Amino acid sequence: MSATTRRLTTAQALVRFLSVQYTERDGVRRRLIAGTWGIFGHGNVAGVGQALLEAGEGVMPFHQGRNEQSMVHAAVGYARQLNRLSAQAVTTSIGPGATNLVTGAALATINRLPVLLLPGDYFASHAPDPLLQQLEHPVEADVSVNDTLRPVSRYFDRVTRPEALIPSALQAMRVLADPAETGAVTLALPQDVQAEAYDWPEEFFAERVWYVRRPAPDPVELTAAVEAIRSAERPLIVAGGGVHHSEAEAALKAFAEATGIPVASTQAGKGSLRHDHPADLGGIGHTGTAVSDDLARTADLVIGVGTRYTDFTTASGTLFQNPDVRFLNLNITGFDAHKLAARTLVCDARSGLERLLEELSGHRVSEAYEAEYRAGKERWDEVVRAAYRADDESAVPTQTQVLGALDAAVGDEDVVINAAGSLPGDLHKLWRSRSPRQYHLEYGYSCMGYEIPAGIGVQQAAPGTPVWALVGDGTYLMMPTEIVTAVQEGLPVNIVLLQNHGYASIGGLSEETGGERFGTAYRFRAADGTFTGAPLPVDLAANAASLGMDVLRAKTVRELREALATARASDRPTCVYVETDPAPTAPPAEAWWDVPVAETASREAAVEARERYDRQVAGRRRHL
């Protein structure tokens, strides 16, 4: 080896390179790739696996996973907790190990969260062809199963020669560290190339810092934005996940306090203000609060800050009904800023809010408008208290009473994680967020199975933080495997497992859309062949215990409160198992969501559902 090169395999070089990549924002430096999750097979064991072993834990910490999809979820939870400034890598073998990454990659990219994927691939030399688990395409020999990752990755490359890693690795880091482009990044690694040696330039292994920009608003756009806000009588801020990613919570608070403009939040943006701040109206859209949605219907200016405006936020285009409503979108990506034909302010959320506040000095909404939304907030606070209240502590708890008991048990620093089922709607309406990262809802992809591995990622990112993964029985059965990882690593993740014997959320949606809850209950088949028999004798608490968790069974509200307190004080992974009263106690939806209903049907439930659908869809607007 010469003085200017180092002879390593491609995999060894990649691990060394990743170990010296850093991000820096506001003078704080972090490792960009802080660790690597892995499950090994013939496609990566002798390449990346050997490289990780040779490098050692001091160079690249290794985390042993049980399912490839859940490893991505854990890495996403880690990155979100650290505001996208640090990420993790995930390595898999070829074949099913690689394709199991696709769901997690889609989740990461949709939510704009960084994760580096390193799946093994076929031999670049095609020497053994076909090999075990290789997909053969009759007319495209360069296609592999890893190509399924292309549409869900923000950057993709197949590294077919050692030296090709250099530009590809640099591009991968650029995308991961760029707040406007980040998401899943895939470097597919042919297994022969992983093990091939090359003389690498020493410069490749020099420490490299990727500065995370805070772009300021364009002066022309800023002037137009200020004019729009000054002329609005009923402005409303919609806070999205970009507020958290930018660490713009303090700037938003100062802006709301100075201008009196109220703040409603998406699932990703909830917690941008504390729940008890006078300007915080809670969630918006289909799962929003009454006060948020009432103001949204009459708002003449909607100021989106770091939001993607999904159909849940806009109530499928039916929420913003003021004939004169206009939109002003502050977003770090032009793609999102231009949605709903908005005026744009393409910049960092914190920088943009700070500049707007300077330019709006002295401006404030009317006292009547402030009084209106504060009164609405007080009315909704009573709705929350009623949903949480349990007058009979010896009764089986409802789902909202479970949330009320958890609300009483947690501290400001706790993190509550959820992603799918009926819980996201209840949480968006009712949860009282006390700190910026307490409310951790993955609702870009709403992926069942996310919660438990994400809890592990959050625990890795914030050691000592109490973490709660809230799951129903349907979600638990999707992906409980990383419980073993939490036990192995001594990570005291708490699981609150709600048993309601089926898909409660989809059951309700099925009933609303004329599907009569078909195929949504976990029950034996009845004589007519439908799943309407007795509940299945499944003991999920015993399953969690068999995977190594401490399990606390709670049958009443009182027992639930005691179990939650015990779990929070424990230093071991703990599951609080509770069968809930299925009676609906959450407030109904305050806005519509478009799920198309059969246009023709013979069953009465579907006919009636279509009539309701036609009435609702008539209120949809296109904002141009």
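Reading guide: rules and limits
Each chain has its residues counted from 1, following the order in which its sequence is written. Owing to the predicted nature of the model, reporting of local features is limited to residues with pLDDT of at least 70; listing and counting of side-chain atom pairs is limited to 80 or more, with chain, interface and lining totals taken over all residues. Heavy atoms from the whole structure form the basis of all side-chain values; hydrogens and water molecules are not counted. In this description a helix means any DSSP run of H or I spanning at least four residues, a strand means any run of E spanning at least two, and both kinds are numbered starting from the N terminus. Whether a residue is buried, partly exposed or exposed follows from its accessible area with a 1.4 Å probe, protein chains only, as a fraction of its type maximum: under 20%, in between, or over 50%, in that order. Contact definition: two residues touch when any of their heavy atoms are within 4.5 Å. Within 3.5 Å is the distance limit for a polar contact, defined as a pair of N or O atoms, with the added protein rule that one can donate a hydrogen and the other accept it, and that residues adjacent in sequence qualify only through two side-chain atoms. Two strands form a pair only when DSSP identifies at least two bridges running between them. Axis angles are defined between N-to-C directions and span 0 to 180 degrees, where every axis is a line fitted to C-alpha atoms and, for a helix, only to the segment in contact. We call a set of buried Ala, Val, Leu, Ile, Met, Phe, Trp, Tyr and Cys residues a nonpolar core when their side-chain atoms join them within 4.5 Å. Working definition: a ring pair exists when centres of Phe, Tyr or Trp rings (six-membered ring for Trp) sit within 6.5 Å. Plane angles under 30 degrees give stacked, over 60 give edge-to-face, the rest tilted. Whenever Lys or Arg places a side-chain nitrogen within 4 Å of a carboxyl oxygen from Asp or Glu, that contact is recorded as a salt bridge. By definition in this entry, angles of less than 35 degrees are roughly parallel, angles greater than 145 are roughly antiparallel, angles of 65 to 115 are roughly perpendicular, and the rest are oblique. Handedness of a helix crossing follows the sense of rotation of the near helix relative to the far helix, less than a right angle counterclockwise being left-handed and clockwise being right-handed. When residues are sorted by character, Ala, Val, Leu, Ile, Met, Phe, Trp, Tyr, Cys and Pro go into the nonpolar class, Asp, Glu, Lys and Arg into the charged class, and all the rest, Gly among them, into the polar class. Convention used here: a crossover is right-handed provided that the path from the first strand, over the helix, to the second strand proceeds clockwise when the strands point away from the viewer.

A. Up close: the environment of Asn418. In this structure, Asn418 sits in strand β18 (residues 415-418). For Asn418, a relative accessible area of 0% translates into the label buried. Measuring from C-alpha to C-alpha, the distance between Asn418 and Trp468 comes to 8.7 Å, with 50 residues separating the pair along the chain. If we skip the residues at most four places from it in the chain, Asn418 touches Leu423, Pro424, Leu427, His440, Leu441, Glu442, Glu451 and Leu470. Polar contacts involving the side chain of Asn418 include one to the side chain of Glu451, which spans 3.4 Å.

B. Expanded view of the side chain of Gln499. Residue position: Gln499 is located in strand β21 (residues 494-499). The residues touching Gln499, leaving out its near neighbours within four places in the chain, are Asp473, Val538, Leu540, Tyr577, Val578, Glu579 and Thr580.

C. Focus on the sheet that holds β18. Reading across from one edge, β19-β18-β20-β21-β23-β22 is the order of the 6 strands in this open sheet, with parallel pairing throughout. Each end of this open sheet is capped by a strand with a single partner; those strands are β19 (439-441) and β22 (550-554). Adjacent strand axes in the sheet meet at a mean angle of 20 degrees when their direction is disregarded. In the sheet, β18 pairs with β19 via 3 bridges, with the strands oriented parallel. The partner of Ile417 across the bridge, within β19, is His440.

D. Spotlight on the environment of Pro323. Checked against the element boundaries, Pro323 lands in the loop between α12 (311-314) and β16 (326-331). A relative accessible area of 64% means that Pro323 is categorised as exposed. Put simply, Pro323 and Val346 are 23 residues apart on the chain and 26 Å apart in space, counted from C-alpha to C-alpha.

E. The nonpolar core, seen in detail. One finds Ile229, Leu356, Trp468 and Leu470 to be the most contacted residues of the largest nonpolar core, which totals 78 residues. The element best represented in this core is helix α15 (residues 367-388), accounting for 6 residues. Non-local contacts of Leu470, meaning those with residues more than four positions away in its chain, are made with Leu403, Leu406, Val416, Ile417, Asn418, Leu423, Leu427, Glu451 and Val496.

F. The packing of aromatic side chains, seen in detail. Per the stated rule, a full pass over the model turns up 12 aromatic pairs. Judged by centre distance (5.7 Å) and plane angle (80 degrees), the ring pair of Tyr369 and Tyr373 falls under edge-to-face. Residue Tyr369 and its partner Tyr373 are located together in helix α15, separated by 4 residues, close to a single helical turn. In terms of burial, Tyr369 and Tyr373 fall into one category: buried.

G. Highlighting the pattern of salt bridges. Using the criterion set out here, one finds 38 salt bridges in the structure. Here Glu370 ties to Arg374 by a salt bridge, and the two come within 3.3 Å at their closest N and O atoms. Of the two residues, Glu370 and Arg374 both sit in helix α15, 4 residues apart, roughly one turn of that helix. Measuring nitrogen to oxygen at the nearest pair gives 3.3 Å for the salt bridge that ties Glu382 to Arg389. Take Glu382: its relative accessible area is 36%, and that puts it in the partly exposed class. Among the charged side chains, a salt-bridge network with shared partners connects Asp26, Arg214, Asp348 and Arg350.

H. Fine view of unusual backbone geometry. The amide bond that connects Asp129 to the next residue, Pro130, takes the cis arrangement and shows omega of 5 degrees. At Asn83, a residue that is not glycine, the phi angle is positive and equals roughly 55 degrees. Here Tyr309, not a glycine, exhibits a phi torsion of approximately 55 degrees, which is positive. Mapped onto the elements of the fold, Tyr309 is located in the loop between β15 (301-305) and α12.

I. Local environment of the packing of helix α10 (residues 249-259) against helix α14 (residues 349-359). Remark: α10 packs on α14, axes separated minimally by 9 Å, with the N-to-C direction vectors making an angle of 25 degrees. Considering the angle they form, α10 stands roughly parallel to α14. Classified by chirality, the crossing of α14 by α10 is left-handed. Of α14, the residues touching α10 (which contributes Ala251, Leu252, Ala254, Phe255 and Ala258) are Arg350, Leu353, Glu354, Leu356 and Leu357. Residue composition of the contact of α10 with α14, grouped by class: 8 nonpolar, no polar and 2 charged.

J. Up close: the pairing of strand β8 (residues 155-158). Note: β8 against strand β9 (residues 184-190), 4 bridges, orientation parallel. In the strand pairing of β9, Phe156 is matched with Thr186. Handedness of the β8-helix α6 (residues 165-177)-β9 crossover: right-handed.

K. Quick peek at the sheet that holds strand β2 (residues 21-25). Read across the sheet, 3 strands follow the order β3-β2-β11 without closing on themselves; strand pairing throughout is mixed. Looking along the sheet, the strands with just one partner apiece sit at the ends: β3 (28-31) and β11 (208-211). Strand-to-strand, the axes of this sheet are offset by a mean angle of 30 degrees, without reference to chain direction. The pairing of β2 with β11 spans 4 bridges and is classified as parallel. Counted as the bridge partner of Glu24 is Tyr211 from β11. Packing of α6 onto the sheet brings it into contact with β2 and β11, and relative to β11 it is tilted by some 35 degrees.

L. Inspection of helix α1 (residues 10-18) at higher detail. The buried count for α1 comes to 8 of 9 residues, which makes it a mostly enclosed element. Taken together, the buried positions of α1 are occupied by Thr10, Ala11, Gln12, Ala13, Leu14, Val15, Phe17 and Leu18.

M. How the structure looks around the packing of helix α16 (residues 399-409) against helix α17 (residues 423-430). Packing of α16 against α17 leaves a shortest axis separation of 11 Å and a crossing angle of 50 degrees. Here α17 runs oblique to α16, going by the angle between their axes. For the pair α16 and α17, the crossing hand works out as right-handed. Contacts between α16 and α17 involve Gln399, Thr400 and Leu403 from the former and Leu423, Asp426, Leu427 and Leu430 from the latter. Class assignment for the residues of the contact of α16 with α17 results in 4 nonpolar, 2 polar and 1 charged.

N. Layout of the pairing of β21. By the criterion of burial, β21 is predominantly enclosed, with 6 of the 6 residues buried. The side-chain alternation of β21 yields two buried faces, one formed by Asn494, Val496 and Leu498 and the other by Ile495, Leu497 and Gln499. In this structure, strand β20 (residues 467-472) lies alongside β21, joined through 5 bridges in parallel fashion. Within β21, the position partnered with Gly472 by the bridge is Leu498. The pairing of β21 with strand β23 (residues 574-579) spans 6 bridges and is classified as parallel. Residue pairing for β23: Ile495 is matched across the bridge by Cys575.

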